[in-house]
Amino acid sequence: MNTKGTNHQFWRLKLIASISFLLLFSVQLKASKNHTTIIISLDGFRWDYTYIYNTPMLDFMANHGIESGLIPSFPSKTFPNHYTLVTGLYPDHHGIVANSFYNPSTKTVFSIKKKEIKNNPLFYGGEPLWITAKKQGLQTAVFYWPGSEVKIQGMYPDLYYNYEKKKLLTFEERINGIIQLLRKSPADRPDLIMAYFEQPDANGHDYGPHDKRTQKAVIQMDSLVHYLYNGIEFLGLSDEVNLIVLSDHGMTWADKTQALKLKYLLDESMIEEIQGSLPVNIYTKKGKARKVFQKLKDMDHVKVWLRDDIPSYLHYGENPCVGDIVIMPDQGYYIEDGKPSSGGTHGYDPTLMDMHALFRAIGPDIPHLHIPHFPNVDVYPLICELLGIEPANNDGEIPFQIIKNDK
């Protein structure tokens, strides 16, 4: 008997069996992927609206998951903070340093009101969450999140909607769209689903944070989240879906009597460009920054900084698109050289409580905790941890320990 040949055949068969087992095991691991994560952004939902108004669904999330708030990044504006939430980078580091700003190198003005400029990927640094996930083999779906219709790093989310393409999906259609995605088989279901809602920011601006019409918008948003959660339960997916509801910034009241004039203090021959009112970024002619600063430094009800002197806690001033001079009005004040009006506003120092934003989370991987408000740069690494992917370079850290309940 050729025992040597028999032994060789035995070990060869054992090796094949071992490889087959490992392949089967790896397929099983792939099949038992991490839970789906849904992120809902309610623009301008101040952290304490849940205490001021009736929000039973958000209260339920607080009682069964994470109750907290987010400290926005400076400036506490919509576009910079939505892009911070998905990159984990301060605006100074990802490049969207305001809703409108000037690029001295290209001599172009970024504005969220200009479609061609807003969708230019050259302005968008960092790596948004949908790209981090997509690079690592996950499926992504995004409903109107700021920046999601921009071809960043040559990619879009697997499913996305263009905010410039009217007519927009209604709020109910967005929720129904999410529920339809959850109806898919586990293999076809997106791992990450994100959706943006314009309220209660719109009513907050028009009527202020304490108006009945803002209350109505808050209650509507809570009802939409409840409708989504009911859909998750109806599909039997409560143990398979992590739901996070957050916002980008808060809201405060600014009366027209507190509008401040700026241009009368400026020598236009020294100015290249002025952008924004909360804060104001002033771009001066070469060598003129200090002279302009001297004219402005004693203004009442504002803080005026040369770019190099902006306080470090604001994480602002390294990016060349930040103005040579930055003017930050005190809470309730704003710069307006035209006709002033009263209403709700934001953009102030993120440490002010009126600027703080909502954070709620519930799901199989979410502990039941009440934690202090945390910086919104921490959201990106948190979501990466929930999705089981490696984050790109970012400024955040995971704010709480998640519970890993694999499928």
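Model, not experiment: these values are computed from the prediction. (Residues numbered from 1 in each chain as written. Predicted model: local features only at pLDDT ≥ 70, side-chain atom pairs only at ≥ 80, totals over all residues. Heavy atoms only, no water.)

A.B. asks: I would appreciate a short explanation of the overall build of the chain in the present structure.
C.D. replies: Assigned secondary structure in the chain consists of 12 helices and 19 strands. Overall size of the chain, expressed as C-alpha extent along the three principal axes, is 105 × 50 × 40 Å. Sorting the 407 residues of the chain into buried and exposed places 53% on the buried side. Counting only contacts in the chain whose residues sit at least 6 apart along the sequence, the fraction spanning at least 24 positions is 72%. (Helix = DSSP H or I, 4+ residues; strand = E, 2+ residues; numbered from the N terminus. Buried < 20%, exposed > 50% of the residue type's maximum accessible area, 1.4 Å probe, protein only. Contact = heavy atoms within 4.5 Å.)

A.B. asks: So what exactly am I meant to see when it comes to the pairing of strand β2 (residues 66-71) here?
C.D. replies: Taking burial as the measure, the six residues of β2 include five buried ones, the bulk of the element. When β2 meets strand β17 (residues 357-362), the two strands line up antiparallel, connected through five bridges. Looking across to β17, one finds that glutamate 67 is bridged to arginine 360. Note that β2 and strand β18 (residues 369-370) share two bridges and pair parallel. By the bridge assignment, glutamate 67 is partnered in β18 with histidine 370. Relative to strand β19 (residues 374-375), β2 is paired through two bridges, and the arrangement is parallel. (Pairing = 2+ DSSP bridges.)

A.B. asks: Can you help me understand the pairing of strand β8 (residues 241-246) in this one?
C.D. replies: Consecutive residues of a regular strand have side chains that alternate between opposite faces of the sheet. Judged by how many residues are buried, β8 sits mostly within the fold: six of six residues are covered. The side-chain alternation of β8 yields two buried faces, one formed by Val241, Leu243 and Val245 and the other by Asn242, Ile244 and Leu246. Alignment of strand β1 (residues 36-42) against β8, held across six bridges, turns out to be parallel. Directly across from threonine 36, in β8, lies its bridge partner valine 241. Pairing of β8 with β17 involves four bridges; the strand directions are antiparallel.

A.B. asks: Would you take a moment to explain the layout of surface pockets for this structure?
C.D. replies: Rolling a probe over the atoms, with the probe sized like a water molecule, indicates the empty space that remains. A volume near 1200 Å³ is recorded for the largest pocket. Around the largest pocket, the lining is made up of 44 residues, and of these Lys77, Asn99, Ile112, Lys113 and His205 lie nearest the centre. Of all the elements in the fold, those that place two or more residues in the lining of the largest pocket are α4 (78-87), α9 (201-207), β11 (271-275), β12 (280-284), β15 (334-335) and β16 (343-345). (1 Å grid on protein atoms, 1.4 Å probe; cavity = no way out; pocket = protein on both sides within 12 Å on 5 of 7 lines; lining within 4 Å. Points joined across faces, edges and corners; volume = space filled by probe spheres on them.)

A.B. asks: I'm lost on the packing of aromatic side chains in this one. Help?
C.D. replies: A complete count under the given rule lists 19 aromatic pairs for this structure. Members of the aromatic cluster, each reached through a chain of ring pairs, are Phe79, Tyr83, Phe101, Phe110, Phe123 and Tyr124. The ring of phenylalanine 197 has arginine 174 lying over it, and the distance from NZ or CZ to the ring centre is 5.6 Å. The ring centre of tyrosine 207 lies 3.8 Å from the NZ or CZ of arginine 213, which sits over that ring. (Phe/Tyr/Trp six-rings, centres within 6.5 Å; stacked < 30°, edge-to-face > 60°. Lys NZ or Arg CZ within 6 Å of the ring centre and 35° of its normal.)

A.B. asks: What should I look at first to understand helix α8 (residues 171-182) in this one?
C.D. replies: Along an α-helix, residues three or four apart share an orientation, since each turn contains 3.6 residues. With 12 residues, α8 should cover 16 Å at 1.5 Å per step; its first-to-last C-alpha distance of 17 Å lies within 8% of that length. Turning to α8, its buried residues are Phe171, Arg174, Ile175, Gly177, Ile178, Ile179, Leu181 and Leu182. Against the buried residues of α8 lie β1, β5 (140-143), β6 (159-160), β7 (192-197), α10 (212-234) and β8. (Expected span 1.5 Å × (residues − 1).)

A.B. asks: Looking at this model, I keep getting lost on unusual backbone geometry. Mind explaining?
C.D. replies: Note on backbone geometry: most residues besides glycine have negative phi, and most peptide bonds are trans. A cis amide bond links phenylalanine 74 to the next residue, proline 75, at an omega of 0°. As for its placement among the helices and strands, proline 75 is situated in the loop between β2 and α4. Not every positive phi belongs to a glycine, and tyrosine 144 is a case in point at roughly 70°. One can find tyrosine 144 in the loop between β5 and β6. When its relative accessible area of 4% is taken as the criterion, tyrosine 144 is described as buried. In this structure, histidine 315 is a non-glycine residue whose phi angle is positive, near 50°. Summarising the element assignment, histidine 315 is placed in the loop between β13 (302-306) and β14 (325-329).

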